[in-house]
Amino acid sequence: LLKQTNYDIVHSHVYLTSGYIMWLAFRVGIAGRIIHFRSTCDGKSSTIHRRLQDRVKLLIARKYATGVLAVCRGAMEAGWVTDWRDDYSASVIYNGLDMAPFANFVVRESVLLEFGIPLQSYVFIHVENMYPQKNHELLINSAIQVVKQKPFVHLLLVGDGVLRREIEERIRRNKVAGHVHLAGVREDIPRLLKASNCFVLSSRWEGLPGVVLEAIAAGLPVIATDLPGVREIAEYTDSITMVPVGNSDVLAKMMLEECEKTELHQEVKEFPDAFKLELCADNLYEIYLKQLSK
């Protein structure tokens, strides 16, 4: 593919495997070669063989990449180098969010009725693929604790994946099927967010979690595990409460505190300019221009 077409830039997002793609692009004479870190890790087991592989990939990337991008400082420091600010080729470009879908009015009652949730319920929502990284087990364990004390609480899980059957079994076994609702894959995420009361992120690792930005755009308070990308978003908003990674008791405590607040839904606050789609596109465009100028 690289040989057959006269490309000016190759932009790769495959974590350290991008180093191999940079080498291929160099071999066929492509002048612009960008490696892009979108997470703080790739989730692979940390064996000696894997660490050696990653070291080789990183050395190749450093030799052949002409530009290095990351979605947040944490992803750059984890994937590239901690002192990346001294690298003229390295830049952090925050993911941008299109705000248009969040301008629509949402009838909360229609969403709750769709899932059989009583209208006076407090709804926590979680939007993630059902994979180990997202730690649904911890979230459900926390929800079980919350529901025991606050029967009006419901949890809406949006997404699908390899762990869905296991998640369904955990819900059934703990007899919370009436309070935990699986929505599957949806195309109306802004609508579901705006009909909910609070967003919860339970991930073990992330880059810059776009769904947290979506929750903020929908006007929701956010309870999220303390991850580098979440911390960076929190620098621009007071809507985020952070909890330790992997601690279901603390997460449950924060959920209980949040659902005791009187308002059913927060008003949409001003969305941070740093995460708007236009700025992301402009910054990426400038990077491409710099690559072409070389």
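Note that this is a predicted model, so its numbers are computed, not measured. (Residues numbered from 1 in each chain as written. Predicted model: local features only at pLDDT ≥ 70, side-chain atom pairs only at ≥ 80, totals over all residues. Heavy atoms only, no water.)

1. Remarks on the overall build of the protein
Phase 1: Each helix and strand in the protein was counted, giving 11 helices and 10 strands.
Phase 2: Here the C-alpha radius of gyration of the protein, 21 Å, is about what a compact globule of 294 residues would show, namely 19 Å.
Phase 3: If you line up the protein on its principal axes, its C-alpha atoms span 60 × 45 × 35 Å.
Phase 4: Here the protein holds 294 residues, and 50% of them are scored as buried.
Phase 5: Taking all contacts inside the protein whose residues are at least 6 apart in sequence as the whole, residues at least 24 apart take part in 67%.
Phase 6: Per element, the accessible surface of the protein, about 14,700 Å² overall, is 53% carbon and sulfur.
Phase 7: Measuring between centres, the 34 positive side-chain charges of the protein sit 8 Å from its 35 negative side-chain charges. (Helix = DSSP H or I, 4+ residues; strand = E, 2+ residues; numbered from the N terminus. Rg over C-alpha atoms; globule rule 2.2 N^0.38 Å. Buried < 20%, exposed > 50% of the residue type's maximum accessible area, 1.4 Å probe, protein only. Contact = heavy atoms within 4.5 Å. Areas by Shrake-Rupley, 256 points an atom, 1.4 Å probe, with all protein chains shown as cover. Lys, Arg positive; Asp, Glu negative; His and termini not counted. Charge placed at Lys NZ, Arg CZ, Asp CG, Glu CD.)

2. Some words on the packing of helix α5 (residues 136-149) against helix α10 (residues 248-259)
Phase 1: Relative orientation of the contacting elements α5 and α10 amounts to 45°, with a least axis distance of 8 Å. With respect to α10, the element α5 is oriented oblique. For the pair α5 and α10, the crossing hand works out as right-handed. Only S248, D249, L251, A252, M255 and L256 of α10 make contact with α5, whose side of the interface consists of L138, L139, N141, S142, Q145, V146 and Q149.
Phase 2: Looking at side-chain class alone, the contact of α5 with α10 contains 7 nonpolar, 5 polar and 1 charged residues. (Axes fitted to C-alpha atoms, helices over the stretch in contact; angles between N-to-C directions. Parallel < 35°, antiparallel > 145°, perpendicular 65-115°, else oblique. Left-handed = near helix turned anticlockwise from the far one by under 90°. Nonpolar A, V, L, I, M, F, W, Y, C, P; charged D, E, K, R; others polar.)

3. Here's the deal with the sheet that holds strand β9 (residues 222-225)
Sheet strands associate in pairs through backbone hydrogen bonding, adopting either a parallel or an antiparallel arrangement.
Phase 1: If you trace the 6 strands from one edge of the open sheet to the other, you get β7-β6-β5-β8-β9-β10, paired in parallel fashion. In this open sheet, the two strands that pair with only one neighbour each are β7 (180-184) and β10 (240-243). In this sheet, adjacent strand axes meet at a mean angle of 25° when their direction is disregarded.
Phase 2: One ladder, built from 3 bridges, connects strand β8 (residues 198-201) with β9; its direction is parallel. Looking across to β9, one finds that V200 is bridged to I223.
Phase 3: Sitting on the sheet, helix α8 (residues 210-217) touches β5 (122-127), β8, β9 and β10, and the angle it makes with β8 is about 170°.
Phase 4: Strand contacts of α10: β5, β6 (153-158), β8, β9 and β10, with the helix running at about 135° to β5, the strand carrying the most contacts. (Pairing = 2+ DSSP bridges.)

4. Observations concerning the sheet that holds strand β4 (residues 90-92)
Phase 1: An order of β1-β2-β3-β4 is seen for the 4 strands of this open sheet, with the pairing classed as parallel. At either margin of the open sheet sits one strand with a lone partner, and together these are β1 (9-12) and β4. Ignoring strand direction, the axes of neighbouring strands in this sheet form an average angle of 20°.
Phase 2: Both strand β2 (residues 32-37) and strand β3 (residues 67-70) contribute to a ladder of 4 bridges, which runs parallel. Across the sheet, the residue bridging to H36 is L69, located in β3.
Phase 3: Strands in contact with helix α1 (residues 18-27) are β1 and β2; relative to β2, the strand with the most contacts, it is inclined by about 175°.

5. Brief notes about the pairing of β10
Phase 1: The sheet contact formed by β9 and β10 spans 4 bridges and is parallel. Looking at the pairing, V222 lines up with I240 of β10.
Phase 2: The parallel pair β9 and β10, bridged by helix α9 (residues 228-234), forms a crossover whose chirality is right-handed. (Right-handed = clockwise from strand over helix to strand, strands pointing away.)

6. Examining α1
Phase 1: Residues of α1 that are buried: S18, G19, M22 and A25. The buried side chains of α1 occupy one side of the element, clustering within an arc of 120° when seen end-on.
Phase 2: In this structure, the buried residues of α1 make contact with β1, β2 and α2 (48-64).
Phase 3: The first or second residue beyond α1 is G29, which carries a positive phi of 85°. (Arc of directions from axis to C-beta.)

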